[in-house]
Amino acid sequence: MNILILGSGGREHTFAWKIAQSEKTSNLFVAPGNAGTARIATNIAISVTDFPAIKDLVIRENIEMVVVGPEDPLVQGIHDFFLDDDKLNTIPVIGPDKSGAILEGSKEFAKEFMARHNIPTAAYQSFTSDSLEAGYQFLETLKPPYVLKADGLAAGKGVLILQDIEEAKVELKNMLVDAKFGNASNKVVIEEFLSGIELSVFVLTDGKNYLTLPTAKDYKRIGEGDTGLNTGGMGAISPVPFADDTFMKKVEDRIVKPTIEGFQKDDITYKGFVFIGLIKVDNEPYVIEYNVRMGDPETEVVIPRIKNDLVTMLEAVANGNLNTIELELDERTATTVVAVSGGYPEAYEKGKEVQGIENVENSIVFHAGTQLKDNKVLSSGGRVLAVTSYGNNFSEALETSYGSLETIKFDKMYYRKDLGFDL
Ligand code: AMP
Ligand code: GLY
């Protein structure tokens, strides 16, 4: 089978690594890919949202399945684009169509979906520039901290958590009236603050049947001790030690099942991954957000723990018979540590040569922001590499990842050395 993966990060390198292991895979393409995917697949330099160029590629290379990594093409309707095209409509796309992708594309839609299906989440109201005054009044009814969320996609930056009510009002106005996050903040969801520890649950569904994949916890802040700015993710651990059977039963009954049943009740055609961001408040799970794709860097610990053939799993998603698959897991813990460019998530330099990857023996090095040039690996993004290792527990796995990172070098490389500190 010829398979195309869309994206260029650590998540997509992990998909490529796993899909390349399948006997069913003949030719594997990644668009646009990175230096890591270049070694195991053919990179094609086209953008993930250039649908006509993707169509040409799919026809030219006889692609038989498309796996979508990031949210952007899904929210922009890549699945619908395939369904609406005579030449493409028999080719499975792994990722929801627009009717499902809006769960990530609109925070208000996601909150309404949860309310409709009795899925536990923080209390909320949403506002536009016309209802700014009502927004101020709603803030007055809440206790600090105040949670303001831009309704639309804002590259992971659209959530503000503020201690001071006056500051919250100023930011609400910045978002609604002064387009702080562009069109994404035309509408703002104001939410009750939930206090607890976060984790992520991943579900693969064909729209009716589903498999709950391993849990993971990511570390979003740039600084040790979870301080400093939010990033795309500095590392991840799977499984999450505090997500025990009792807790996961609650997640299954109160969140996963009603979500999949909600898709059916609402006529949402969903074939792909659902990423459910959860928070554990006293032992109870609440949904913080839905994403309509896998997480990054969570993929780098979740996928390596799945023993099944991923292509077989994705075929079952496409064919609507995911109930025939029994998930087989590696019981070990997997951890990944992300090495970033100095300065990230603010300004940073690119084009630094990454050395020493070939000397890593005990970990899997997934490329996140790299490019191959004259046979050299150069940094091309903030997050450069994700170094994944297995262990009998997370401390052991982390120790291996940290050991491997000592053999890798690039100018101004930085990574957090305290992952798991809160567990
Ligand atoms: P989101 O983009 O919705 O994942 O929000 C980004 C981050 O903001 C989450 O990972 C949480 O750490 C935090 N957050 C979002 N909503 C809430 C909430 N209602 N209570 C507490 N923290 C929140
Ligand atoms: N690691 C968080 C995300 O992928 O959105």
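As the structure is a computational prediction, the values presented were derived from the model and not from experiment. (Residues numbered from 1 in each chain as written. Chains lettered and ligands numbered in written order. Predicted model: local features only at pLDDT ≥ 70, side-chain atom pairs only at ≥ 80, totals over all residues. Heavy atoms only, no water.)

A.B. asks: Please set out the overall build of the chain residue by residue, giving values where relevant.
C.D. replies: Secondary structure assignment for the chain yields 13 helices and 23 strands. A compact globule built from 423 residues would reach a C-alpha radius of gyration of about 22 Å, and the chain, at 21 Å, matches this within 12%. Taking the principal axes of the C-alpha coordinates as reference, the chain spans close to 60 × 50 × 45 Å. Counting across all 423 residues of the chain, residues that qualify as buried make up 57%. (Helix = DSSP H or I, 4+ residues; strand = E, 2+ residues; numbered from the N terminus. Rg over C-alpha atoms; globule rule 2.2 N^0.38 Å. Buried < 20%, exposed > 50% of the residue type's maximum accessible area, 1.4 Å probe, protein only.)

A.B. asks: Give me the lowdown on the sheet that holds strand β5 (residues 93–94), citing residues and values where you can.
C.D. replies: Strand order in the open sheet formed by five strands is β3-β2-β1-β4-β5, and the pairing between neighbours is parallel. A single partner strand is all that each edge strand has here, and the edge strands are β3 (42–43) and β5. Bridge count between strand β1 (residues 3–7) and strand β2 (residues 28–32): five bridges; the pairing is parallel. Across the sheet, the residue bridging to isoleucine 3 is leucine 28, located in β2. (Pairing = 2+ DSSP bridges.)

A.B. asks: Can you tell me about the sheet that holds strand β16 (residues 272–281), naming the residues and giving the values?
C.D. replies: What the four strands build is an open sheet, ordered β11-β10-β16-β17; its pairing is antiparallel. With partners counted over all chains shown, the strands left at the sheet margins are β11 (210–212) and β17 (284–291), one partner each. Taking each pair of neighbouring strands and ignoring which way they run, the sheet shows an average axis angle of 30°. For strand β10 (residues 197–205) and β11, the ladder comprises three bridges, and the chain directions are antiparallel. Each residue of the ladder has a partner; that of valine 203, found in β11, is threonine 212. (Axes fitted to C-alpha atoms, helices over the stretch in contact; angles between N-to-C directions.)

A.B. asks: Explain the site of ligand 2 residue by residue, including any values.
C.D. replies: Neighbouring residues of ligand 2: Asp218, Gly232, Phe275, Arg293, Gly295, Asp296, Pro297 and Glu298. Residue glycine 232 places a main-chain N or O atom 3.4 Å away from a nitrogen atom belonging to ligand 2. Between ligand 2 and arginine 293 there is a distance of 2.9 Å, counted from an oxygen atom to a side-chain nitrogen or oxygen. Notes on ligand 2: free accessible area 200 Å², of which the protein chains cover 86%. Taken together, the residues of the shell around ligand 2 break down into two nonpolar, two polar and four charged. (Near = heavy atom within 4 Å. Polar contact = N/O pair within 3.5 Å; in protein donor to acceptor, adjacent residues only side chain to side chain. Areas by Shrake-Rupley, 256 points an atom, 1.4 Å probe, with all protein chains shown as cover. Nonpolar A, V, L, I, M, F, W, Y, C, P; charged D, E, K, R; others polar.)

A.B. asks: I'd like a rundown of the pattern of salt bridges, residues and numbers included.
C.D. replies: Side-chain pairing between opposite charges can occur once the charged atoms of the two side chains come close. Scanning all chains against the criterion turns up 26 salt bridges. A salt bridge links aspartate 253 to lysine 257, with the shortest nitrogen-to-oxygen separation between them at 3.6 Å. Taken together, the residues aspartate 253 and lysine 257, both in helix α10 (residues 245–265) and four residues apart, mark about one turn of the helix. The exposure class assigned to lysine 257 is partly exposed, which follows from its relative accessible area of 35%. Beyond isolated ion pairs, a larger network of salt bridges with shared partners links Glu349, Lys352, Asp411 and Lys412. (Salt bridge = Lys/Arg side-chain N within 4 Å of Asp/Glu carboxyl O.)

A.B. asks: Any details on unusual backbone geometry? Residues and values, ideally.
C.D. replies: For the bond running from serine 238 to proline 239, omega is 0°, close enough to zero to count as cis. For proline 239, the location among the structural elements is in the loop between β15 (235–238) and α10. The amide bond that connects aspartate 296 to the next residue, proline 297, takes the cis arrangement and shows omega of 20°. Turning to its location among the elements, proline 297 is positioned in the loop between β17 and α11 (299–302). Even without being a glycine, aspartate 226 presents a positive backbone phi close to 55°. Of note, the phi angle at aspartate 374 is positive, near 50°, even though the residue is not glycine. Mapped onto the secondary structure, aspartate 374 falls in the loop between β20 (370–373) and β21 (376–379). For aspartate 374, a relative accessible area of 74% puts it in the exposed group.

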